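# Close look at the chain arrangement
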Amino acid sequence: MPPVNTPAKAASATSVPGAAAHHTIAAMLDPDARWPHGKPDYAGLLTFAGAPYTEDPAELDGVDVAIIGAPMDDLVSDRPGTRFAPRAIRAASCPPGPHLEAKLDAFRELRIVDYGDAPVIPADPDTSHAAIERVVREVVDAGVLPVVLGGDHSISEPNVRAVASGRDPVGLLHFDTHTDTGFEVFGVERSHGTPMYRLVEGGLVDPRRYVQIGLRGYWPSEAEFAWQRELGVTSFFMHHVREKGIRDVLDEALQTIGAGRVFVTVDIDVLDPAFAPGTGTPEPGGMTTVELLWAVREAARRLEVVGADLVEIIPTALGSADVTALAGDRIVRELLTGLALRQAAVAT
């Protein structure tokens, strides 16, 4: 099984005081430095899981995964507010520790940093997309795997563009209520409902290795599904998850995607609103948190993941009191755990 898709890196030379839960990384701001026995998650600098923080690509040497915020929601078609999600997900995160089922701590197995937020501009989606792509590309060019916290689903376009430009098209594993393969939404071609259509048409995603899981509701139209069928996109609806079970659905999905580079994108509205009420286009009848967390971890363990994003969370409370942001944090944790399991399997 090939390792997490990052090149081999030399270990950093300087220890960061108080960073017992993290790999040694030099010349970074460590949120734990003032807490020799571990920082409470409600105190100190706000980073994802208390990870070391940098905005300098020169400090990415020796890093495996970089968390990036993309706080924009200018292209939503319904309720806004997901621009606040990167901060809310970080606030909902807890300190690292061993995964009680996987028996492994991703923050010990992988070198993980928080790379801050892309410098988005309100009401200027073109500039914001360019900024997101630039920051994600900095991470990719350093040989580091980007995990992006959105933001509306339009951010997947610059994310995948940064990962796939100049290379063969990537596969795409897409958890969502909606296909987001609209040709347009309200007459607008660039929207949170159109990124996957644009990525496929732009030659950045291989439609034969593109799988959607969790579809339900009343959109899009037959025209979009006909386009998907013609190109070979695979769709698993919620009735497939209900009838077959998530394990069989995921097995089929991963067999379809096969070997090669893959981007994973998770729209929080794939979850039933009972588990994730904070989103702009909720749709009853969705996945449970248990199903999604397992599926994301298992996919990251079995696929050659080269990037990922989590989108469409609208926070409504503070810290871990926000059940949707809390679910978002755990989705990222499961992804990281899957990546760590994959790397650990290669090491043995």
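Residues numbered from 1 in each chain as written. Predicted model: local features only at pLDDT ≥ 70, side-chain atom pairs only at ≥ 80, totals over all residues. Heavy atoms only, no water.

## What to know about the overall build of the protein
Rules: In this text, helices come from DSSP runs of H or I with a minimum length of four residues, and strands from runs of E with a minimum of two, each type numbered from the N-terminal end. Just to be clear, the radius of gyration here is over C-alpha atoms, and the globule rule we use is 2.2 Å times residues to the power 0.38. Note on classification: 1.4 Å probe, protein chains only; a residue is buried when its accessible area is under 20% of the maximum for its type, exposed when over 50%, partly exposed between these limits. Note on contacts: a residue pair qualifies if any of its non-hydrogen atoms lie within 4.5 Å across the two residues. Areas reported here follow the Shrake-Rupley algorithm with a probe of radius 1.4 Å; residue values treat only the protein chains shown as occluding.
The secondary structure content of the protein amounts to 10 helices and 8 strands. Computed over the C-alpha atoms, the radius of gyration of the protein is 19 Å, within 12% of the 20 Å expected from 2.2 N^0.38 for a compact globule of 348 residues. In terms of overall dimensions, the protein has a C-alpha envelope of 60 × 45 × 40 Å along the principal axes. Among the 348 residues that make up the protein, the fraction classed as buried is 59%. Of all intrachain contacts in the protein linking residues separated by at least 6 positions in sequence, the fraction that spans at least 24 positions is 76%. In the structure as shown, the protein presents an accessible area of about 13800 Å², 54% of it carried by carbon and sulfur atoms.

## Details of the sheet that holds strand β1 (residues 65-70)
Under the convention used in this document: Strand pairing is assigned whenever DSSP detects at least two bridges linking the two strands. To obtain each axis, a line is fitted to C-alpha atoms, and for helices this fit is confined to the stretch in contact; angles are then taken between N-to-C directions over 0 to 180 degrees.
Reading across from one edge, β2-β1-β3-β8-β7-β4-β5-β6 is the order of the 8 strands in this open sheet, with parallel pairing throughout. Whereas interior strands pair on both sides, the edge strands pair on one side only; in this sheet they are β2 (112-117) and β6 (234-237). Neighbour to neighbour, the strand axes of the sheet diverge by 15° on average, direction disregarded. When strand β4 (residues 170-175) meets strand β5 (residues 205-215), the two strands line up parallel, connected through 5 bridges. Bridge pairing links Val170 to Val205 in β5. In this fold helix α4 (residues 156-164) packs onto β3 (145-150), β4, β5, β7 (261-267) and β8 (304-311), with an angle of close to 165° to the strand it touches most, β7. The sheet strands contacting helix α8 (residues 246-257) are β4, β5, β6 and β7, and the helix crosses β5 at an angle near 170°.

## Examining the environment of His174
Rules: Each polar contact in these results corresponds to two N or O atoms within 3.5 Å; when the atoms are within protein, one needs to be able to donate a hydrogen and the other to accept it, and residues that are neighboring in sequence are counted only if both atoms are side-chain atoms.
Inspection of the secondary structure puts His174 in strand β4. For His174, a relative accessible area of 0% gives the class buried. With 61 residues separating them along the chain, His174 and Ser235 place their C-alpha atoms 9.4 Å apart. The residues contacting His174, other than those within four sequence positions of it, are His153, Thr179, Asp180, Met196, Tyr210, Val211, Gln212, Ile213 and Thr265. Side-chain polar atoms of His174 contact the side chain of Tyr210, separated by 2.9 Å.

## Comments concerning the nonpolar core
Worth spelling out the cut-off: We call a set of buried Ala, Val, Leu, Ile, Met, Phe, Trp, Tyr and Cys residues a nonpolar core when their side-chain atoms join them within 4.5 Å.
Residues Val65, Leu173, Phe175, Ile213, Leu292 and Leu336 are the most contacted members of the largest nonpolar core, which totals 57 residues. Broken down by element, the residue count for this core peaks at 8 residues, all from helix α10 (residues 323-347). If near-sequence neighbours (up to four positions away) are discounted, Leu292 is found in contact with Phe175, Val266, Val270, Leu271, Met287 and Ile331. By size, the runner-up hydrophobic cluster in this structure holds 21 residues, among which are Leu75, Val113, Val135 and Val136.

## Quick look at the pairing of β8
Put simply, the rule reads: Orient the strands so they point away from the viewer; a crossover is then right-handed if the path from the first strand over the helix to the second runs clockwise.
Of all 8 residues making up β8, 8 are buried, and the element is well covered by its neighbours. Summarising the sheet, β3 and β8 pair through 3 bridges and their orientation is parallel. By the bridge assignment, Val148 is partnered in β8 with Asp309. Note: β7 against β8, 7 bridges, orientation parallel. Counterpart to Thr265 in the pairing with β8 is Asp309. Taken together, β7, helix α9 (residues 289-302) and β8 form a β-α-β motif whose crossover is right-handed.

## Concerning the packing of aromatic side chains
For clarity, the threshold we go by: Stacked, tilted and edge-to-face pairs are distinguished by plane angle, under 30 degrees for stacked and over 60 for edge-to-face with tilted covering the rest, among Phe, Tyr and Trp rings (Trp via its six-membered ring) whose centres lie within 6.5 Å.
On inspection of all chains with the given rule, the structure shows 4 aromatic pairs. Ring pairs connect the aromatic residues Phe183, Tyr197 and Trp227, which therefore count as one cluster.

## Observations regarding the pattern of salt bridges
For clarity, the threshold we go by: The salt bridge criterion pairs a side-chain nitrogen of Lys or Arg with a carboxyl oxygen of Asp or Glu, the two atoms within 4 Å.
Under the defined criterion, the tally for this structure stands at 21 salt bridges. With a shortest N-O distance of 3.5 Å, Glu298 and Arg302 are connected by a salt bridge. A residue pair is termed a helical-turn pair when its members lie 3 or 4 positions apart in one helix, as Glu298 and Arg302 do in helix α9 at 4 residues. According to the relative accessible area criterion, Glu298 is buried, its value standing at 13%. Several salt bridges share partner residues, and in doing so they unite Glu133, Arg137, Glu157, Arg161 and Arg198 into one network.

## What about helix α6 (residues 222-231)?
Test applied: Directions drawn from the helix axis to the C-beta atoms are what define this arc.
Those residues of α6 that sit buried are Glu224, Phe225, Trp227 and Gln228. The buried residues of α6 occupy an angular sector of 155° when the element is viewed end-on, so they sit on one face. Opposite the buried face of α6, at more than 90 degrees from it, the exposed residues are Arg229 and Glu230. Positive backbone phi, at 95°, marks Gly232, one or two positions downstream of α6.

## Brief notes about unusual backbone geometry
Note that the residue after Gly150, namely Gly151, is joined by a cis bond; omega there is 15°. By secondary structure assignment, the location of Gly151 is in the loop between β3 and α4. The peptide bond linking Trp219 to Pro220 adopts the cis configuration, its omega dihedral lying at 10°. The residue Phe186 is not glycine, and still its phi comes out positive at about 55°. Positionally, Phe186 belongs in the loop between β4 and α5 (195-201).

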